[in-house]
Amino acid sequence: MRTGSEPVTARSALRVRFWLCVWGLLWAVFGTAAFALAGRPGWAVACGVLWLVITIDMVMVLRHIRQGPHYQPGRDIPPYSPPDDRPYRPQGPASEYRPPRPPPGNRTP
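This is a predicted model, so every value here is computed, not measured. Counting restarts for each chain, with residues numbered from 1 along the sequence as it is written. Only residues with pLDDT of at least 70 are given local features in this predicted model, and only at 80 or more are side-chain atom pairs given and counted; all residues enter the totals for whole chains, interfaces and linings. Remark: hydrogens and water are excluded; side-chain values derive from all non-hydrogen atoms of the structure.

**Points about the pattern of salt bridges**
A carboxyl oxygen of Asp or Glu within 4 Å of a side-chain nitrogen of Lys or Arg is what we treat as a salt bridge. Summed over the entire model, instances satisfying the criterion amount to one salt bridge. Between aspartate 57 and arginine 17 there is a salt bridge, and its shortest N-O distance comes to 2.7 Å. Here aspartate 57, found in helix H3 (residues 41-66), pairs with arginine 17, found in helix H2 (residues 14-37); they are 40 residues apart in sequence, far enough to count as distant. With a relative accessible area of 28%, aspartate 57 lands in the partly exposed category. The helix and strand labels rest on DSSP assignments: H or I over at least four residues marks a helix, E over at least two residues marks a strand, and numbering proceeds from the N terminus. Per-residue accessibility, obtained with a 1.4 Å probe over protein chains only, is compared with the maximum for each type, and a residue is labelled buried under 20%, exposed over 50%, and partly exposed between these values.

Pasting the structure below:
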């Protein structure tokens, strides 16, 4: 169910990002070495820059993982509930105002 608070309560798959960083890091190191040995300095520099970007991303991912549930809640911590103190502001003229309908699973017959 969408609540409108997704940008605030979104979670990131940090372990997946970490392993993708490892995979990218291996390829960037290999590419840098291979292009340097092949005499292609432009491509070696491009792979080196990519290596730097991946390393910075990996450092940030590891930092967020180490922050624990404060930053990245685990499976045992439920998602945050949406704030209830936000007033509903209808869009358009007042004559078109209709209160929001409850989600299909919460309707009473």
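Now that the structure has been shown, the text picks up again.
**Details of H3**
An α-helix turns once every 3.6 residues. As a result, residues three or four positions apart point the same way. To estimate the expected span of a helix, count its residues, drop one, and scale the result by 1.5 Å. If you check H3, its first and last C-alpha atoms are 37 Å apart, about what 26 residues at 1.5 Å a residue would give, namely 38 Å. Every buried residue of H3 is listed here: Ala44, Cys47, Ile54, Met58, Val61 and His64. Here, residues are in contact when the closest pair of their heavy atoms is within 4.5 Å. Looking at the buried side of H3, the elements it contacts are H2.

**Quick look at the packing of aromatic side chains**
Aromatic ring pairs are reported here in terms of the distance separating the ring centres and the angle at which the planes meet. For Phe, Tyr and Trp, where Trp contributes only its six-membered ring, two rings pair if their centres lie within 6.5 Å, and the inter-plane angle classes them as stacked under 30 degrees, edge-to-face over 60, or tilted in between. Enumeration according to the criterion identifies four aromatic pairs in this entry. Ring centres of tryptophan 23 and tryptophan 27 lie 6.0 Å apart, and the angle between their planes is 70°; on these two criteria the pair is classed as edge-to-face. Residue tryptophan 23 and its partner tryptophan 27 are located together in helix H2, separated by four residues, close to a single helical turn. The class for tryptophan 23 is exposed, based on a relative accessible area of 53%. Taking relative accessible area as the criterion, tryptophan 27 reaches 49% and is therefore assigned partly exposed. For the ring pair tryptophan 27 and phenylalanine 30, a centre distance of 5.7 Å and an interplane angle of 85° mean the geometry is edge-to-face. Linking tryptophan 27 with phenylalanine 30, this pair stays in helix H2, spanning three residues, or about one helical turn. Clustering of aromatic rings is evident, with ring pairs tying together Trp23, Trp27 and Phe30.

**Digging into the nonpolar core**
Here, the term nonpolar core denotes a set of buried Ala, Val, Leu, Ile, Met, Phe, Trp, Tyr and Cys residues that are joined through side-chain atoms within 4.5 Å. In this structure, Leu14, Phe18, Cys21, Ala28, Ile54, Met58 and Val61 together form the largest nonpolar core, which totals seven residues. The greatest single-element share of this core, amounting to four residues, is contributed by H2. Apart from the residues within four sequence positions on either side, cysteine 21 is in contact with Ile54, Asp57 and Met58.

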